[in-house]
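Each chain is listed here by its residues.
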Amino acid sequence: MPIKPEDVTWVKEPQYGLLDAMYLPAIAEGLRTTVQHLFKPDTITQQYPEEKPDLPLNYRGVHRLNRDDQGRVKCVACFLCATACPARCIEIVGDKAPWPDRDKYPTKFVIDELKCIYCGMCEEACPVDAIELTSIYDLVGYSRQEMLFDREKLLSVYDLTVNSGKDPIRTHSTPLGPASQIATTLFPAGGSASVADPVGPLGPPSQPELPHHERTP
Amino acid sequence: MNWIHAAVAIVVVLGGVLTLCMYLIWIERKVSARIQDRIGPNRVGPFGLLQSVADGIKFVLKEDVIPATADKALFVIAPTISVFTTMLAFSVVPFGPPPSQPGGFPFAIAANLDIGILFVFAVTSLAVYGVILGGWSSNNKYSALGSLRSSAQVVSYEIPLGLSVLGVGLLAGSFNLETVIAGQAVGFFHWNIWFQPLAWLIFFASGLAESNRLPFDLPECEQELVGGYHTEYSALKFAMFFLAEYTHVITTSFLTVIMFFGGWHFPWIAEPESVYTGATVVKVLVLLAKVGGIITFIMVIRWTIPRFRFDQLMALTWKVFIPLSLANLLGMMIVKQYDLSLWWMLPFSAALVVVTTGVSLWMTRGVPENVAAQWRGRLT
C-alpha cells in the first residue's frame, strides 16, 4: 500500500547559520550536558554482590522437585518433562510407587544443569506441577559431576526456596495436581487405582492459588 | 648550590609527574564514568583509589611481547623516546613562583631559560617520533596507519601551535616562562586570556592534538585502528606510551595555565608581593589547582566532542587555525607597534572569529551543504 501524500511530513533541512558555522556554541552546548552529568550523574548501576537484583516472579533459574503435602516427591515419573526438554538434560528412572495414591515415582531423577537451557518447557509439560524453575541464578560448581543435580539435590532446592518468597508453589489443587484430577474424573470406576474418591481425605479440589499456565486438559 | 636545587627539582618533577599520571588515570576513569552515568573504579581500596597501583603492578607483571616480525631495536626505543621527550619538555616548566630572595629554590629544573617556550615545543614535537617509530616498527597495518595519521597530524597542528604562542611571546616580550608569568601576575585583568582568547583556543586545540587526546586522538582511535600505534605493545612498554600521553597532557595544561591563565597568580591570595608565611606554598597550590582545572576540562572535552576525521583535522588546522593565528599575531603586532590598549585584542579576536565564519559561509553560498561543509573543513 503506497503512502498517502497527506501522511508525509516534509522536514526542511535546518539552515546552517553563522553560529553553527562558528562551531563554538555547539561545543558549549555539549559541554553543558557533560558537565551536568559530571556533577549530577543518574547512575543506575547495581553493586551486584552487595545488592541483589530484584527478580520477577517468573524468573527461570535452577530447577526444583516439589514435595507434596506429606513431604514425598510429587513427581509421578511420567517422562513428559524429559520428552519436552529440547536440551535432553533430564534423566528419569521410574519404578512402582510404594504409596497407594499414585502408580509410579522416580527412583532416579537427574538434571544436567550445564546442558539445561532454562527454557521452562519441563515446567509447562509437568502434569502434576512437580518440577518448577526457581529464582536461583548464581549456580556454580567445581566439576561437571557436581552440576548433575539428582533427586535429593533437587528436593533440597525445593526446601531451600519454598519459603523464600520468590518461588511460591504454583498450585495446590490436589495432592498430585490437576492431571491426577483428570484421571479420576475421566475414569471414575477405578481407572486410577490409587484415588477412588476424588474428594479424598484432603477435601474437594480448590482452585490453584497462582495459575501460571492455561492448560487444556 | 645550583646543582642541589636542580637535583631536588628533578626528584620533585619526576616523582610528582609519575604519581600525578597514576592518579590522572584514576581521575579520568572516574570523570568518564560520571559523565556516562556509571560508577567507575570502586573496588580496589576506598573509592577505587588503589586501582592505579593495581594497574601498575599488572603492567609490570604482564608478559612483554615483541612481535617476531617487528624491528626490534626501534620497537624497544620508540616508547622510551616518547617518555624521554615529554619528560624533558617538563624541565623548563616552572611549577611554582620564582624564589623570593636570590639563591632560593627556583621551582623548575632549568629555571629562567630564555628560550623556554621554544624549547618545550621543540622537544615535545620530537615525541611524535616515538609514535611514528612505534607504529612503523610494529610491522602491523593498523599500527602503521596510526603512525601515518600521526605524521599527517603533526604537520597540521605544529604550525598553528607555534603561531598562537608567538602572540603571547610578543605580549610578554620574552619566551622565558617566568617572565611570561611575571607579566601576567599584575592583576586578574592582566592574564593573557583577556588579550589572546583566540590564541588560547588555537593553542588548546593544537595541544589536544599534540597530546593525542580526543577529539584529535587519530593515531590511537580504538574503533578504527584496534589500538593505533600501540596495538602491538604490551606490559611496561605500553605503560610508557600511556605515561607519555599523560605527561603530555600535564605539560600542555601547565603551559596553558602559565601562558594564558596567569601561572601561580590569583587575586588577593597569590600576588607577587604577598609575603605572608606559606605564600610560596599557596602559589604552588594555586598553580596546581589551575592545572587540575585544565586537565579536568580536557577530560570533559573528551566526552563532549566526537573524534575528527583526519582530513577534517587537516582542513581545520590548515584552512582555519593557521590563517586565524596569523591574523591574531598581526593584530598583536599592530597593537604593540602603535602602543594601543591591549584590550583592543579582545574585540579583535571575537571579530576575527565572526568574520572568518562569515567569509567561509559567504564563499560557499549556493554550494550544496555537504560539499560546503567539506570546503569549510567542518563536520558534515
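What counts and how
Residues numbered from 1 in each chain as written. Chains lettered and ligands numbered in written order. Predicted model: local features only at pLDDT ≥ 70, side-chain atom pairs only at ≥ 80, totals over all residues. Helix = DSSP H or I, 4+ residues; strand = E, 2+ residues; numbered from the N terminus. Contact = placed C-beta atoms within 7 Å. Rg over C-alpha atoms; globule rule 2.2 N^0.38 Å. pLDDT = per-residue confidence, 0-100. Axes fitted to C-alpha atoms, helices over the stretch in contact; angles between N-to-C directions. Parallel < 35°, antiparallel > 145°, perpendicular 65-115°, else oblique. Nonpolar A, V, L, I, M, F, W, Y, C, P; charged D, E, K, R; others polar. Expected span 1.5 Å × (residues − 1). Buried ≥ 20, exposed ≤ 12 C-beta atoms within 10 Å, placed from the backbone. Pairing = 2+ DSSP bridges. Arc of directions from axis to C-beta.

Novice: How would you sum up the overall build of chain A? Please name residues and give values.
Specialist: Within chain A, the regular secondary structure consists of six helices and five strands. Put simply, chain A runs from its N terminus to its C terminus through helices and strands in the order α-α-β-α-β-β-α-β-β-α-α. Pairs at least 24 residues apart make up 71% of the contacts formed inside chain A by residues separated by at least 6 positions.

Novice: Lay out the overall build of chain B with the relevant residues and their values.
Specialist: The number of helices and strands found in chain B is 13 helices and zero strands. In sequence order, the secondary structure elements of chain B are arranged as α-α-α-α-α-α-α-α-α-α-α-α-α. Taking 380 residues into account, the globule formula puts the C-alpha radius of gyration at 21 Å, and chain B, at 22 Å, falls close to it. Along the longest, intermediate and shortest principal axes, the C-alpha atoms of chain B span 65 × 65 × 40 Å.

Novice: An account of the confidence of the model for chain A is needed here, citing residue identities and associated values.
Specialist: Across chain A, the average pLDDT comes to 78, with 78% of residues at 70 or higher. For residues 189-217 of chain A, every residue scores under 50 in pLDDT, and the model assigns this stretch 35 contacts once sequence neighbours within four places are set aside.

Novice: Provide a residue-level description of the packing of helix α4 (residues 116-137) of chain B against helix α5 (residues 141-172) of chain B, including the pertinent values.
Specialist: Residue and element names in this part refer to chain B. Relative to each other, α4 and α5 sit at 175°, their axes nearing to 8 Å. The orientation of α4 with respect to α5, classified from their angle, is roughly antiparallel. Contact residues: I117, F121, S125, V128, V131, I132, G134, G135 and W136 in α4; S143, A144, G146, S147, S150, S151, V154, E158, L161, G162, V165 and G169 in α5. A class-by-class count of the residues in the contact of α4 with α5 yields 10 nonpolar, 10 polar and one charged.

Novice: Describe the confidence of the model for chain B, with residues and values.
Specialist: The pLDDT averaged across chain B works out to 83; a share of 94% of its residues lies at or above 70. In the model output, the complex is listed with pTM 0.75 alongside ipTM 0.75.

Novice: Please set out the interface of chain A and chain B residue by residue, giving values where relevant.
Specialist: Much of the literature gives interface size as the accessible area that the parts lose upon coming together. On the chain B side, the residues contacting the 18 residues of chain A number 18 residues. Counting only elements with at least two residues in the side of chain A that touches chain B, the list comes to α1 (18-22) and α2 (24-39) of chain A. No other element matches α2(A), which puts seven residues into the side of chain A that touches chain B. Residue composition of the side of chain A that touches chain B, by class: 11 nonpolar, five polar and two charged.

Novice: Report on helix α9 (residues 235-260) of chain B, specifying residues and quantitative values.
Specialist: Counted at 1.5 Å a residue, the expected span for α9(B) with its 26 residues is 38 Å, and the 37 Å between its end C-alpha atoms agrees. Along α9(B), 23 of the 26 residues are buried, which leaves the element largely enclosed by surrounding structure.

Novice: Describe unusual backbone geometry, naming the residues involved and giving the relevant values.
Specialist: Residues and elements named next belong to chain B. Of note in the backbone geometry, F47 takes a positive phi value of approximately 55° without being a glycine. Counting through the fold element by element, F47 comes out in the loop between α1 (2-35) and α2 (51-61). Judged by local crowding, F47 falls into the partly exposed class, with 14 C-beta atoms found within 10 Å.

Novice: Please give an account of the pairing of strand β3 (residues 104-112) of chain A that cites residues and values.
Specialist: Here strand β2 (residues 90-96) of chain A pairs with β3(A) via seven bridges, running antiparallel. By the bridge assignment, G94(A) is partnered in β3(A) with P106(A).

Novice: Explain the sheet that holds β3(A) residue by residue, including any values.
Specialist: Residues and elements named next belong to chain A. With antiparallel pairing, the three strands of this open sheet are ordered in space as β2-β3-β5. Lying at the two open borders of the sheet, with one neighbouring strand each, are β2 and β5 (148-149). Docked against the sheet, helix α5 (residues 151-161) engages β3 and β5, running at close to 85° with respect to β3.

Novice: Talk me through helix α6 (residues 177-184) of chain B; I want residue IDs and the actual numbers.
Specialist: For an α-helix the count is 3.6 residues per turn, leaving residues at separations of three or four pointing the same way. All names here are of chain B. Buried within α6 we find L177, E178, V180, I181 and Q184. Buried positions in α6, seen along its axis, are confined to an arc of 160° and lie on one side of it. Buried-residue contacts for α6 involve α4, α5 and α9.

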